[in-house]
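# Topology and contacts: notes
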Amino acid sequence: MRSYVIRRLLLAIPTLLGVAAVTVLMTHALHGFEQTIMMCGLCPSFEEQIRWYEEHGFNKPLYVQYFDRLLSTLTLDFGKSFIYDVDVTDLLARKGPLSLQVGLMGLIIGSVLGISGGVITALKQDSLYDYLIRGLAILGISVPTFWSGMMLILILVRAFNWIPEQGYTPLWEDPLANLTQLIWPALIIGLGFLMGASLRLMRASLLEVMREDYIRTARAKGLQERVIIVRHAMRNALIPVLTLIGTFLPITLTGLVVTEQVFGLPGVGSMLLDALRTRDIPVVQMVVTLTGFTVIFANLGVDLLYGWLDPRIRY
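Procedures and definitions
Residues numbered from 1 in each chain as written. Predicted model: local features only at pLDDT ≥ 70, side-chain atom pairs only at ≥ 80, totals over all residues. Heavy atoms only, no water. Helix = DSSP H or I, 4+ residues; strand = E, 2+ residues; numbered from the N terminus. Contact = heavy atoms within 4.5 Å. Areas by Shrake-Rupley, 256 points an atom, 1.4 Å probe, with all protein chains shown as cover. Phe/Tyr/Trp six-rings, centres within 6.5 Å; stacked < 30°, edge-to-face > 60°. Buried < 20%, exposed > 50% of the residue type's maximum accessible area, 1.4 Å probe, protein only. Axes fitted to C-alpha atoms, helices over the stretch in contact; angles between N-to-C directions. Left-handed = near helix turned anticlockwise from the far one by under 90°. Nonpolar A, V, L, I, M, F, W, Y, C, P; charged D, E, K, R; others polar. Core = buried A, V, L, I, M, F, W, Y, C linked by side-chain atoms within 4.5 Å. Polar contact = N/O pair within 3.5 Å; in protein donor to acceptor, adjacent residues only side chain to side chain. Salt bridge = Lys/Arg side-chain N within 4 Å of Asp/Glu carboxyl O. Expected span 1.5 Å × (residues − 1). Arc of directions from axis to C-beta.

Before going further, it helps to examine the overall build of the protein. In terms of helices and strands, the protein carries 13 helices and 0 strands. For the protein, the N- to C-terminal ordering of α and β elements is α-α-α-α-α-α-α-α-α-α-α-α-α. Restricting the contact set of the protein to residue pairs at least 6 apart, pairs at least 24 apart contribute 73%. Working note: accessible area of the protein is about 17,300 Å², and carbon and sulfur atoms make up 66% of it.

For the structure shown, the criterion picks out 1 aromatic pair. Both rings, one in phenylalanine 293 and one in phenylalanine 297, keep their centres 6.4 Å apart while their planes meet at 10 degrees; by these two values the pair is stacked. Note that phenylalanine 293 and phenylalanine 297 are positioned in helix 13 (residues 281-309) at a spacing of 4 residues, about one turn of the helix. A residue is classified by how much of its surface remains accessible, and phenylalanine 297, at 46% relative accessible area, is partly exposed.

Here we come to the packing of helix 5 (residues 88-123) against helix 8 (residues 175-209). Their axes nearest at 5 Å, the elements helix 5 and helix 8 cross at an angle of 35 degrees. As for the relative orientation of helix 5 and helix 8, their crossing is right-handed in sense. Of the residues assigned to the contact of helix 5 with helix 8, the class counts are 22 nonpolar, 11 polar and 1 charged.

Before going further, it helps to examine the side chain of aspartate 130. Relative to the helices and strands, aspartate 130 resides in helix 6 (residues 128-142). If near-sequence neighbours (up to four positions away) are discounted, aspartate 130 is found in contact with Thr121, Lys124, Gln125 and Arg203.

What follows is about the nonpolar core. Within the largest apolar cluster, 42 residues are counted, with the highest numbers of intra-cluster contacts made by Met202 and Leu206. At the level of elements, helix 5, helix 7 (145-160), helix 8, helix 9 (213-220), helix 10 (225-253), helix 11 (257-263) and helix 13 are the ones that each hand at least two residues to this core. When residues no more than four places from it in sequence are discounted, the contact partners of methionine 202 are Gly114, Ile115, Gly118, Val119, Met234, Ala237, Leu238 and Val241.

Turning to unusual backbone geometry, a few remarks are in order. The phi angle at aspartate 126 is positive, at roughly 65 degrees, despite the residue not being glycine. Tracing the chain through its elements places aspartate 126 in the loop between helix 5 and helix 6.

Take the environment of glutamate 225 next. Counting through the fold element by element, glutamate 225 comes out in helix 10. Linking glutamate 225 and isoleucine 215, residues 10 residues apart in sequence, is a C-alpha distance of 9.9 Å. Among the polar contacts made by the side chain of glutamate 225, one reaches the side chain of arginine 219 at a distance of 2.9 Å.

Take the pattern of salt bridges next. Counted according to the given criterion, the structure contains 4 salt bridges. Measuring nitrogen to oxygen at the nearest pair gives 3.0 Å for the salt bridge that ties aspartate 130 to arginine 134. Here arginine 134 and aspartate 130 lie together in helix 6, a separation of 4 residues that amounts to about one turn. A cluster of three or more residues bridged by salt bridges with shared partners is formed by Asp130, Arg134 and Arg203.

This next bit is on helix 7. With 16 residues, helix 7 extends 21 Å between its outermost C-alpha atoms, agreeing within 8% with the 22 Å of an ideal straight helix rising 1.5 Å per residue. Those residues of helix 7 lying buried are Ser148, Gly149, Leu152 and Leu156. Looking down the long axis of helix 7, one finds its buried residues gathered within 105 degrees of arc, a one-sided arrangement. Those residues of helix 7 that are buried lie in contact with helix 8 and helix 11. Remark: asparagine 161 follows helix 7 within two positions and exhibits a positive phi of approximately 55 degrees.

Spatial relationships are all this shows, so hold off on functional conclusions.
This is the structure:
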């Protein structure tokens, strides 16, 4: 196991180098000389704009810019934001907890409801519960989050005369105000694609597992149905669902752009959208690199969980 983890971490290095290369090429394509000069909003004169352009290395060859950006990525020093004139890491520390909390809350809601709903529909196959819950799952997959978010706000305003609070109150300052602000976007995230997709996948996987020979053997030995489902069937059926959750995890943790825009949340997604609008390259580079790290470690965590769920899997 230890050698497997070390090997996977070493294989992650070329992936991160590729992410750095793509980031440099894409950000280089975003700006020309005139557009980059316009980003220096704090430079009053043209001479200072030229000096700012050279200080940030935009006059250097592309391969020199690549190695500079690569060094900053490896040292996690992304420099200062062009627009806010503060360290990018300070911006992440300020906006990251909001996106992290909303993403984790949505991930937990969607995973719990999806897995439990998949188990119920599999055990009640072709019943009224099966058709009803599957219909809700398809609805969650089909409806885009920006529409469901706006409809939720409209329902709260019209039916209860209550508008969800915008902004962000840290959890450690006022837990009640924090949950009041973030529970609604978390519900939209959880009840959307993640819940619907994980429910349908869990149902199909559990139905397939329940037809296996070892399940019939467990029933022949006289084991209780609850023990068979929880200890034997669900553990093997969870493997493809974990893969789905692992692919969705980086999206929830590194910025839900649409959801944050609908609910007016100043998180990483809104920061990334503003950075793309204003060509704030250090912020874009930081978010892309963070996404790469999250994808790598999420996939590694999911692969390690495979071995715990199914002892037949060995690394």
